[in-house]
Amino acid sequence: MGEGANAPRAGVLIALALLLMMTSGVSMANAQDIEETEGPGIEWTLPDSHMLYLKGTEEQPFLDRNWTTNTGQPLGKAEFTKTSSALNPNLIDIQSAPLEESYRFEGNITVRLFASLDSTNDGCRITNVLPGSAGAETSFSVTLSLGSNVVMDNAQTNSLPMEESYLSAHEFTVQALDVNVSLSSGDLVSLQVDVQHDCLQQGVLWWGTYDATSGIIFEGEVIDPQLEYNIDSNRMVRVEFMPISPWGPDDFEGQVLEIVGPLDWDEMVHGFGKEDQRLEHFEAPHGTRTGEANRTIFTWSSEKPLMPGRYMIDACFTVTDQDPGDLCDAIGVLRFEVPQDPKPMLSSMWAAIVVPLGIIAWIGASMREAMLPIQTYAILLLLAITALGPAMYLPDIDSNAPRDEGAAPSFALLSHDGELVKLSDLLSGHDAVVVGLFRTGSPNAIRQFDDFRGAQIISDSNIVFIQIATGEGVQSVDLDTYALNLNETWHLLMDEADAAVGKAFPSGATDAVIIIDSAGFITDWQPGTMSALEIDEAVSSATRGSGNHPLSMFSVMIGTALLPLLVLAMPRDRELKMPDEPLFPGAGSIMTAVAAAVGFGIWALPVALMAAFGLGAFWIWIELLLAVVMVYHGLSVLLHGRINEIEHLVTVAYSRLPEGFRAWRDRASFAEDAYLGLWLAWLLWLRIPALIPQGVGAVARSDMLGIPLSILAMLGFLVAAGVIVNLARLVALAPGKLSRVFGWLSAGIRPRAWGLASAILGAWVAIALLVGPILGSL
């Protein structure tokens, strides 16, 4: 980096604010004269000329690419007199640093020299005045070689009598036209300058200041910057810049890149875009990697996913040989489009169509056998409509699609140093596992490293960190450089050859940070990276159920997921039956809550125990089993109007009720409330699959207080289930006698219709699991 890189930060920020609104090396008009091309692509506006500057002292001159910002008396000089120029005319005989890139130059080359007298006077002009002569003149003879190609051989500059000091030095030039040479890596640029000075006054060749830019001017293409982009499966954009110059990547002193959009193709010109359209701002590279021919590639990654649409990367670069007074020397406008997310094989919208259509078809088939009261069909249609609610939250059916909410894929991967690392071992004795996924060469590897180190410092939780290099064909050699930086701070793992583990995470096989709780469930994830504070908060939340608690059940009531429960809760008796003996206030609600808790607990307790016992590694198969059980429950109710196992447990629970309660409400009423609790559990599982596994199971595995806290959490879920079923009963009774009549008329067929809907919902989830995460893991 040159002198500009050391400017105070405040000055840099001000300059950067102007950077993308101004041009350097070319005018803004030229930047906007870029040919407008519809569609993706890149347009460059590059400097018309480049220079090698004469730098150093009189004793040790050299050729350099940096245009100095020094002013005042030049730092470099070579003095000469009439006598010295006659005896030893050579002033300069130097070479540049070896070229780092092979290079073919086509264009014109000019050698420009600045010289003057020691002080301003007209001595040379009045010396040796002959007819037709301007006075005692000075000129230079230049020999220039590019590698083995001699471009100038004792070529003479213009000749003139000098009369100014360094404050207004004279300019001497000589030019070679239509140069066409090829240079190889390691070649040198050689410059030899001789002087012919006929004046008695001492002359000086100057260099090394902002004004005295003695050196070699290349009028043609010299630099060849490459700007590329990549969009991952999460619509995160990775930008790569390859600074190609014959003298290496250090030729590019600084850069500012912005992602701007969405825009129309014809709007994509440098400096265009409103403030709210400038979505990302990049300066210092997020990372570097080594590309083809051992070239350095600077990389950046967007902070957030981009919405589908058309965007541009508006890039400005400063080059060391260009005027430091300008802010932008090379302009690149890279146009690209973020496509729509790929459509699944079957969207959940189809489930929202299939479920109500299934109920309607079943109603039509039942009409062939016997007609029911019109009020009954109205209730069944209402139930079909409310079934749209849970159907909207079903997963899409797509091949190899990961489970968005569930357990992390169980993996056993080799580390960079050859050790086999298993997720089950990492989970043992820790509050959480933080996984950093990254593709080889991604800048997010370093960004994740920095965030993880920060989280280690600020977090009090017992966290284990790992990073997994994902993507197809990852090899150990690809990670050698990063492994040196990591220095065994934590495990650096390599994904399987087909990136199976990365694809099984919700993020897909791309850059992301995933938080896994002690029970093996994914509690949070973000594409790219996650800040240290966000990691600490996510882990702290994971130890307490990741926000899954009994009150979460009430938040679901606000949406449409539990709407079928309101229809199922309609009363089956035409008249309200009062107890024969007085009971305490609220006895009916308590009986409803107890029955609902029994039904809810029949589903929730086994699920919580499996999570608490650490079966997260097999959770995708457990969920498949749950989906099959849901189909079984639905078909049992559809075909038989009952579920044998539930009936048995309800009988046991009902027999333990006080005699007064049983005398008031029969077993059928108690069973109906228990079924409502069961259906509530299934509806909640469809909406929040990890509610019980994380809200109870993960809490049990968190720390010493985990088991008692998980017991309290389970009791809280049972109480919440009872309250919700009571609320559903209350809402269903709101229409008064009308509700009782409609409920009585549909009492027998209503649960059967819902049994059909449940079977379809469960079958959809089972197919989604089989086609998606299970098939993808095989």
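What counts, and at which threshold
- Residues numbered from 1 in each chain as written.
- Predicted model: local features only at pLDDT ≥ 70, side-chain atom pairs only at ≥ 80, totals over all residues.
- Heavy atoms only, no water.
- Disulfide = S-S within 2.5 Å.
- Helix = DSSP H or I, 4+ residues; strand = E, 2+ residues; numbered from the N terminus.
- Buried < 20%, exposed > 50% of the residue type's maximum accessible area, 1.4 Å probe, protein only.
- Salt bridge = Lys/Arg side-chain N within 4 Å of Asp/Glu carboxyl O.
- Core = buried A, V, L, I, M, F, W, Y, C linked by side-chain atoms within 4.5 Å.
- Phe/Tyr/Trp six-rings, centres within 6.5 Å; stacked < 30°, edge-to-face > 60°.
- Pairing = 2+ DSSP bridges.
- Axes fitted to C-alpha atoms, helices over the stretch in contact; angles between N-to-C directions.
- Arc of directions from axis to C-beta.
- Contact = heavy atoms within 4.5 Å.

*Asks:* Whenever I open this one, the state of the cysteines confuses me. Can you help?
*Replies:* Chemically, a disulfide is nothing more than a covalent bond linking the sulfur atoms of two cysteines. The final tally for this structure, using the stated rule, is 1 disulfide. Here cysteine 124 engages in a disulfide with cysteine 199; their sulfurs sit 2.0 Å apart. Judged by the sign of its S-S torsion, about -95°, the bond between cysteine 124 and cysteine 199 is left-handed. A residue pair is termed long-range when its members are at least 10 positions apart, and cysteine 124 in the loop between β6 (103–117) and β7 (138–146) and cysteine 199 in the loop between β10 (189–197) and β11 (203–207) qualify at 75 residues. A single burial state applies to cysteine 124 and to cysteine 199, both of which are buried.

*Asks:* Explain the pattern of salt bridges to me, please; I cannot follow it from the model alone.
*Replies:* One side chain can pair with another of opposite charge once the charged atoms of both are near each other. Following the criterion strictly, the structure yields 15 salt bridges and no others. Across the pair glutamate 106 and arginine 104 runs a salt bridge, and its minimum N-O distance is 3.2 Å. Residue glutamate 106 is classed as partly exposed on the basis of its relative accessible area, which comes to 49%. Among the salt bridges present, the one from aspartate 673 reaches arginine 729, with a minimum N-O distance of 2.6 Å. Of this pair, aspartate 673 sits in helix α18 (residues 667–687) while arginine 729 sits in helix α20 (residues 706–732), and the two are 56 residues apart along the sequence. Overall, the relative accessible area of 3% leaves aspartate 673 in the buried class. With relative accessibility at 13%, the residue arginine 729 sits in the buried group. Taken together, the shared-partner salt bridges connect Arg65, Asp251 and Asp321 into one network.

*Asks:* Please explain the nonpolar core as it appears in this structure.
*Replies:* Side chains of nonpolar character tend, in soluble globular proteins, to be buried together. Judged by nonpolar contacts, the single largest core of 92 residues is most densely connected at Met553, Phe600, Trp603, Leu680, Trp685, Ile692 and Trp754. Among the elements that line this core, the one with the most residues is α18, at 14 residues. If you look at the next biggest cluster of nonpolar residues, it comprises 65 residues, including Leu54, Leu117, Val193 and Val222.

*Asks:* Got a minute to help me understand the packing of aromatic side chains in this structure?
*Replies:* For any two aromatic rings, the description comes down to two numbers: the centre-to-centre distance and the angle of the planes. Following the criterion strictly, the structure yields 26 aromatic pairs and no others. Considering the side-chain rings of tryptophan 67 and tyrosine 210, the 5.7 Å spacing of their centres and the 35° angle between planes classify their relative orientation as tilted. On the criterion of sequence distance, the pair formed by tryptophan 67 in the loop between β3 (61–64) and β4 (76–80) and tyrosine 210 in the loop between β11 and β12 (215–219) is long-range, its members being 143 residues apart. Tryptophan 67 sits in the buried class, given a relative accessible area of 17%.

*Asks:* Any chance you could explain the sheet that holds strand β14 (residues 237–242) here in plain terms?
*Replies:* Working definition: the strands of a sheet are paired by backbone hydrogen bonds and lie parallel or antiparallel to each other. Pairing is antiparallel in the open sheet, where 4 strands are placed in the order β13-β14-β18-β17. Edge strands, defined here as strands with exactly one partner in the open sheet, are β13 (226–231) and β17 (287–290). With strand direction ignored, the average angle separating the axes of adjacent strands in the sheet is 25°. Across 4 bridges, the pairing between β17 and strand β18 (residues 296–301) is antiparallel. Across the sheet, threonine 290 pairs through a bridge with threonine 296, a residue of β18.

*Asks:* What am I meant to see in helix α12 (residues 550–557) here?
*Replies:* Helical periodicity: at 3.6 residues per turn, an α-helix aligns residues three or four positions apart in one direction. Every buried residue of α12 is accounted for by Pro550, Ser552, Met553 and Val556. The arc enclosing the buried residues of α12, seen along the axis, measures out at 150°, which places them on a common side. Residues of α12 that are buried sit in contact with α14 (587–612), α18, α19 (691–700) and α20.

*Asks:* Explain the pairing of strand β2 (residues 49–56) here, please?
*Replies:* Put simply, side chains in a regular strand alternate between the two faces of the sheet. For β2, a buried count of 6 out of 8 residues is recorded, marking the element as mostly surrounded by other parts of the structure. Summarising the sheet, β2 and β12 pair through 5 bridges and their orientation is antiparallel. Looking at β12, one finds that histidine 50 is bridged to phenylalanine 218. The pairing of β2 with β3 spans 4 bridges and is antiparallel. Bridging across to β3, leucine 54 finds its partner in leucine 63. The hairpin formed by β2 and β3 contains 4 residues between the paired strands.

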